[in-house]
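Chain and residue survey
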Amino acid sequence: TVRIKVVNPNTSAAMTRNIHGAARAVAAPGTTIEATSPAMGPASIESHYDEALSVPGVLTEIAAGERSGVDGYVLACFGDPGLDAARELATGPVVGIAEAAMRTATYLGRTFTVVTTLARTRGRAWDLAERYGVTKFCAGVHDVDIPVLELDQDPDTLRKLTEACASAIAADDADAVVLGCAGMADLCADLTKALGVPVIDGVRAATLQVQSLITMALATDKRGEYAKPPAKAYSGLLSTFTSP
Ligand SMILES: O=C(O)C[C@H]1NC(=O)NC1=O
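So, here is what we can say about the structure in this document. (Residues numbered from 1 in each chain as written. Predicted model: local features only at pLDDT ≥ 70, side-chain atom pairs only at ≥ 80, totals over all residues. Heavy atoms only, no water.)

1. Quick look at a nonpolar patch on the surface
- A cluster of nonpolar side chains, Y234, L237 and L238, forms an exposed patch at the surface whose accessible area comes to about 330 Å².
- Within the secondary structure, Y234 is located in the segment after α8 (202–215). (Patch = residues over 30% accessible without salt bridge, like charges linked within 9 Å, V, L, I, M, F, W, Y side chains within 5 Å. Areas by Shrake-Rupley, 256 points an atom, 1.4 Å probe, with all protein chains shown as cover. Salt bridge = Lys/Arg side-chain N within 4 Å of Asp/Glu carboxyl O. Helix = DSSP H or I, 4+ residues; strand = E, 2+ residues; numbered from the N terminus.)

What follows is the structure, given as structure tokens:
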């Protein structure tokens, strides 16, 4: 059986359930989907500070997955936190939802637009588009101005997000819209119906990307940059970390 571990880098169980549902919905029937949150970390990730503090927990989850024989990983936060470090620890493929969603959008049209949660996280999305070499496809990055943990609290979230996506598509004349938060995963179908353009949820895109890499027997290359980290001591709060 193929085992994919989907890591929600924040510690909010409701989001992990939302994320698990999206991954489970698209994974192959014979694939096991395990969705987890770290025990330590931010309740949500809405700043560089939150993102930095989420990485030790992400790496704890990856290390646990390696010990239990997980075949591949999804990082289910739009900042793709700890992606490169996770690839150093992992034997199998590691795919972040931002990378997967952006790359998926490039198959569907000339340009895509991104709609994220808070305006302050827009720069990060641009940084990731640059990192992934898709800046020329990214026509714009917008926000819905809803905090991450209010997405499933605010009764007007679907209306606000539909409006934000519609205006982003119009402003950018974009062919597709990328959802800039894992917490939007359960709204993808409704948004697709309302908008009439391709709406990409990175949780589904990343899960299927990991599934296909495993199906092709492709895994992270361990000879160079993503080789296991060199042995050394880690002290203080990090003393539970060992060199893998
Ligand atoms: O960066 C964002 O706004 C979204 C990002 N934060 C989070 O806790 N999960 C996410 O996908």
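2. Points about the environment of A219
- Counting through the fold element by element, A219 comes out in the segment after α8.
- Ignoring sequence-local partners within four residues, the contact set of A219 consists of T91, G92 and P93. (Contact = heavy atoms within 4.5 Å.)

3. Details of the sheet that holds strand β6 (residues 138–143)
- The four strands are arranged β6-β5-β7-β8 in an open sheet whose pairing can be described as parallel. Strand pairing shows two members of the sheet lacking a second neighbour, β6 and β8 (199–200), which therefore form its edges.
- Sheet topology note: the strand β7 (residues 176–179)/β8 ladder contains two bridges and is parallel. Bridge assignment links V178 to a residue of β8, and that residue is I200.
- This element, helix α6 (residues 157–172), spans β5 (112–116), β6 and β7 of the sheet and lies at about 150° to β5. (Pairing = 2+ DSSP bridges. Axes fitted to C-alpha atoms, helices over the stretch in contact; angles between N-to-C directions.)

4. Let's talk about the packing of α6 against helix α7 (residues 188–195)
- Look at α6 against α7: their axes get within 10 Å of each other, and the N-to-C directions meet at 50°. With respect to α7, the element α6 is oriented oblique. As α6 packs across α7, the resulting crossing turns out to be right-handed. Within the contact between the two elements, α6 uses L158, L161, T162, C165, A166 and I169 and α7 uses D190, L191, A194 and L195.
- Taken together, the residues that form the contact of α6 with α7 break down as eight nonpolar, one polar and one charged. (Parallel < 35°, antiparallel > 145°, perpendicular 65-115°, else oblique. Left-handed = near helix turned anticlockwise from the far one by under 90°. Nonpolar A, V, L, I, M, F, W, Y, C, P; charged D, E, K, R; others polar.)

5. Brief notes about unusual backbone geometry
- The backbone of D80 sits at a positive phi, close to 45°, despite the residue not being glycine.
- With respect to the helices and strands, D80 occurs in the loop between β3 (72–75) and α3 (83–89).
- On the basis of relative accessible area, D80 is assigned to the buried category, the value being 3%.
- Phi at D145 is positive, roughly 60°, even though this residue is not glycine.
- Tracing the chain through its elements places D145 in the loop between β6 and α6. (Buried < 20%, exposed > 50% of the residue type's maximum accessible area, 1.4 Å probe, protein only.)

6. Some remarks on the site of the ligand
- Around the ligand lies a shell formed by N10, M15, S44, I45, C77, F78, T116, T117, V148, G180, C181 and A182.
- Between the ligand and N10, the relevant distance is 2.9 Å, taken from an oxygen atom to a side-chain nitrogen or oxygen of the residue.
- Here the ligand has 300 Å² of accessible area as a free molecule, and 96% of this is covered by the chains.
- Among the detected pockets, the ligand sits in the largest cavity.
- Residues that form the shell around the ligand fall into these classes: seven nonpolar, five polar and no charged. (Near = heavy atom within 4 Å. Polar contact = N/O pair within 3.5 Å; in protein donor to acceptor, adjacent residues only side chain to side chain. 1 Å grid on protein atoms, 1.4 Å probe; cavity = no way out; pocket = protein on both sides within 12 Å on 5 of 7 lines; lining within 4 Å. Sits in = over half its atoms within 2 Å of the grid points.)

7. Some thoughts on the pairing of strand β1 (residues 2–7)
- The pairing of β1 with strand β2 (residues 31–36) spans six bridges and is parallel. In the strand pairing of β2, R3 is matched with T32.
- Of the crossover connections in this fold, the one passing from β1 over helix α1 (residues 13–26) to the parallel β2 is right-handed.
- Note: β1 against β3, four bridges, orientation parallel. Paired with I4 across the strands is G72, a residue of β3. (Right-handed = clockwise from strand over helix to strand, strands pointing away.)

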